[in-house]
Amino acid sequence: QLQLVESGGGLVRPGGSLRLSCAASGGTFSNYAMAWFRQAPGKEREFVAAISQSGRTIDNGDSVKGRFTISRDNAMNSVYLQMNSLETEDTAVYYCAARVISRWSPLPRSGYDNWGQGTQVTVSS
């Protein structure tokens, strides 16, 4: 079971940027597809982005395309989410997630079974 710890959240003004980090331990990080999800108050959890084990395949949610970038560093056992052009609608708790998939499987948007505790991102003027 992979343990995940997010960091980098905070308060930012609309149009600003933040970079979230997620540090993994307790498993072979390079075996896991990684993803970011978010949940705003009163709303369902939303897929943000996912990245394959090698980092060569990326999937972005429609609401963040062109603004957010997911990346990973397998040597550092970490995954990142660079968030630019932030909007008030991006306010949410952001969660890092992981799951093992076959290297030949499509990158999933669901079924993740390892989760971090979340980090709050607030976009407000």
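Below or above, wherever it landed, is the structure these notes cover. (Residues numbered from 1 in each chain as written. Predicted model: local features only at pLDDT ≥ 70, side-chain atom pairs only at ≥ 80, totals over all residues. Heavy atoms only, no water.)

A short note on the environment of Gly10
Which entries qualify depends on this criterion: Segments assigned H or I by DSSP are reported as helices when at least four residues long, segments assigned E as strands when at least two residues long, and all are numbered from the N terminus. Think of it in three bands: residues with accessible area under 20% of the maximum for their type are buried, residues over 50% are exposed, and the middle band is partly exposed, with areas taken using a 1.4 Å probe on protein chains only. Contacts are assigned to residue pairs with any non-hydrogen atoms lying within 4.5 Å of each other.
Assignment of secondary structure puts Gly10 in strand S2 (residues 10-12). On the basis of relative accessibility, which here comes to 25%, the residue Gly10 falls in the partly exposed class. Each C-alpha atom, one on Gly10 and one on Thr91, is 9.9 Å from the other, the two residues being 81 residues apart in sequence. Every residue in contact with Gly10, bar those within four places of it in the chain, is listed here: Leu18, Gln120, Val121 and Thr122.

A closer look at the pattern of salt bridges
A side chain with one charge can pair with a side chain of the opposite charge if their charged atoms come near. The criterion, for reference: By definition here, a salt bridge exists when the distance from a side-chain nitrogen of Lys or Arg to a carboxyl oxygen of Asp or Glu is within 4 Å.
The full count for this structure, using the stated rule, is six salt bridges. Across the pair Asp90 and Arg38 runs a salt bridge, and its minimum N-O distance is 2.9 Å. Within this pair, whereas Asp90 is found in the loop between strand S8 (78-83) and strand S9 (92-100), its partner Arg38 is found in strand S4 (residues 32-39), the two being separated by 52 residues in sequence. Using a relative accessible area of 1% as the deciding quantity, one classes Asp90 as buried.

Things to note about the nonpolar core
Heads up, the condition is: To form a nonpolar core, buried Ala, Val, Leu, Ile, Met, Phe, Trp, Tyr and Cys residues must be joined to one another through side-chain atoms within 4.5 Å.
Counting 28 residues, the largest nonpolar core has Met34, Trp36, Val79, Leu81, Met83 and Tyr94 as the members making the most contacts within it. Of all the secondary-structure elements, those providing two or more residues to this core are strand S3 (18-25), S4, strand S5 (46-51), strand S7 (68-73), S8, S9 and strand S11 (119-123). Ignoring any residue separated from it by four or fewer positions in sequence, one finds Leu81 in contact with Leu18, Arg19, Leu20, Trp36, Val48, Ala49, Phe68, Thr69, Ile70 and Tyr94. Counting nine residues, the second largest nonpolar core, distinct from the first, contains Ala33, Ile101, Leu107 and Tyr112.

Concerning the pairing of S8
As a reminder of what qualifies: Here, any two strands with at least 2 DSSP bridges between them count as paired.
Among the six residues of S8, five are classified as buried, and the element is accordingly described as predominantly covered. Bridging between S7 and S8 involves six bridges; their strand directions are antiparallel. Considered in S8, the bridge of Arg72 is made with Val79. Hairpin remark: S7 followed by S8, antiparallel, with four residues in the connecting loop; positive phi at Asn77, about 55 degrees.

Overview of the state of the cysteines
Here is the rule we go by: Any two cysteine sulfur atoms lying within 2.5 Å of each other are counted as a disulfide.
Enumeration according to the criterion identifies one disulfide in this entry. Here Cys22 is linked by a disulfide to Cys96, with a sulfur-sulfur distance of 2.1 Å. With the S-S dihedral at roughly -80 degrees, the linkage between Cys22 and Cys96 falls on the left-handed side. Placement of the pair is Cys22 in strand S3 and Cys96 in strand S9, with a sequence separation of 74 residues.

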